[in-house]
Amino acid sequence: VFLLGFTIVDIVAGGLGQAADLSRTIKLARFLRLMRLLRIMRLVKQSEVMSMLLSGVSSEVGFIVLGIAKIMAIIFVLNHIIGCSWYAIGAGSFTDGSTTDIDGWVFRHSLEDASFTRKYFTSFHWSLTQFTGTMEVVPGTGLERVFAVTSLLFAFFVSTYAVSSITSSLTRLEILSAQQSSRLSLLQRFLKENRIPQRLAMRIRKNAEHAIAEQRRKVAEDKVDVLALVNDSLLIELHFSMYLPRIECHPFMAMLGEHSHSATQLVCHRAIAGFWVARGEILFSRGEVPTVPSMYFLDTGKAQYEGYEGGPTATE
């Protein structure tokens, strides 16, 4: 939405830039540049939208990928602004101190009657060459030369930041992948050294891979070190907010919440722990008696409960 709104106004400005073909004065070019500079103010508001998008990503991999996409989008917008400004400058005529007017690059390359698409992409191509590459359009007037030098210096700093940021993000992705491979390799070695049957080893590895994938998708509480600095009263409220929607489906928990809010908070704070189970794994077996009595609440996915032999089967 931002790029569309930003581009529409610049298209209008580009249309006004074509009026410079009639007046061919520097005043119109300055007006167009000022109009585009005012559009930069929208970047401040749109940065808040990008922050909201980043805050909604729970996976570290997704956060890194979205960060790379953000850098690419910023580069596109900057090239769009530079390209439109370059066209506004080149659509006018300038004096070099003598009585002779010097045409801008639009007229020198006979583009004044070209289609809007050709003019835009020629300008956009030139803006890209400030980051890397060359093209046939070169500055010919003093103002074009000043703008080209300024754009080149600006592009140098932006490209340096972009390359370093993308390299850092790709390195983080590689580290995450290497850590996962190392952990699974260590597990495979452990299973092999202890001569675990192949079928059981495959189930264990599958469960471990599922747990790792869930940990990458969701941040576990024990991974957030800063929570250790939060006082107990806030942690109780945090756990209550996290776990109540998951357990209030049980009639007893719903009744407990109605009669004793503090007791429900303590249950959520002290008596609940989460874990992942891979698809096809057995959570518990018939006749099994746990050392510590437990109750299971299904958060995501489906579970099938099979009663005694010949008894009913329930799926949640």
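**Focus on the packing of helix α10 (residues 232-247) against helix α12 (residues 261-270)**
At a minimum axis separation of 8 Å, α10 and α12 run at an interaxial angle of 90°. Classed by the angle they form, the pair α10 and α12 counts as roughly perpendicular. Of the residues in α12, those touching α10 at L235, I236, E237, H239, F240, Y243, L244 and I247 are H261, T264, Q265, L266, C268 and H269. Among the residues forming the contact of α10 with α12, the class breakdown is 8 nonpolar, 5 polar and 1 charged.

**Digging into the environment of F63**
When you line up the elements, F63 lands in helix α5 (residues 60-90). With 106 residues separating them along the chain, F63 and S169 place their C-alpha atoms 9.6 Å apart.

**Things to note about unusual backbone geometry**
A negative phi holds for most residues other than glycine; trans holds for most peptide bonds. A positive phi angle is found at S110, which is not glycine, with a value near 55°. Among the structural elements, S110 can be located in the loop between α6 (105-108) and α7 (116-129). The class for S110 is exposed, based on a relative accessible area of 54%. Its identity is not glycine, yet R195 carries a phi of approximately 55°, on the positive side. Considering the arrangement of structural elements, one finds R195 in the loop between α8 (142-193) and α9 (198-217).

**Description of the confidence of the model for the chain**
Mean pLDDT for the chain: 76, with 75% of residues reaching 70 or above. Within the chain, the lowest mean pLDDT, 42, falls on helix α2 (residues 20-23), and the highest, 91, falls on α7.

**What about the pattern of salt bridges?**
Tallied over the entire structure, the rule returns 4 salt bridges. A salt bridge links E209 to R205, with the nearest nitrogen and oxygen atoms 3.2 Å apart. A residue pair is termed a helical-turn pair when its members lie 3 or 4 positions apart in one helix, as E209 and R205 do in helix α9 at 4 residues.

Analysis parameters
Residues numbered from 1 in each chain as written. Predicted model: local features only at pLDDT ≥ 70, side-chain atom pairs only at ≥ 80, totals over all residues. Heavy atoms only, no water. Axes fitted to C-alpha atoms, helices over the stretch in contact; angles between N-to-C directions. Helix = DSSP H or I, 4+ residues; strand = E, 2+ residues; numbered from the N terminus. Parallel < 35°, antiparallel > 145°, perpendicular 65-115°, else oblique. Contact = heavy atoms within 4.5 Å. Nonpolar A, V, L, I, M, F, W, Y, C, P; charged D, E, K, R; others polar. Buried < 20%, exposed > 50% of the residue type's maximum accessible area, 1.4 Å probe, protein only. pLDDT = per-residue confidence, 0-100. Salt bridge = Lys/Arg side-chain N within 4 Å of Asp/Glu carboxyl O.

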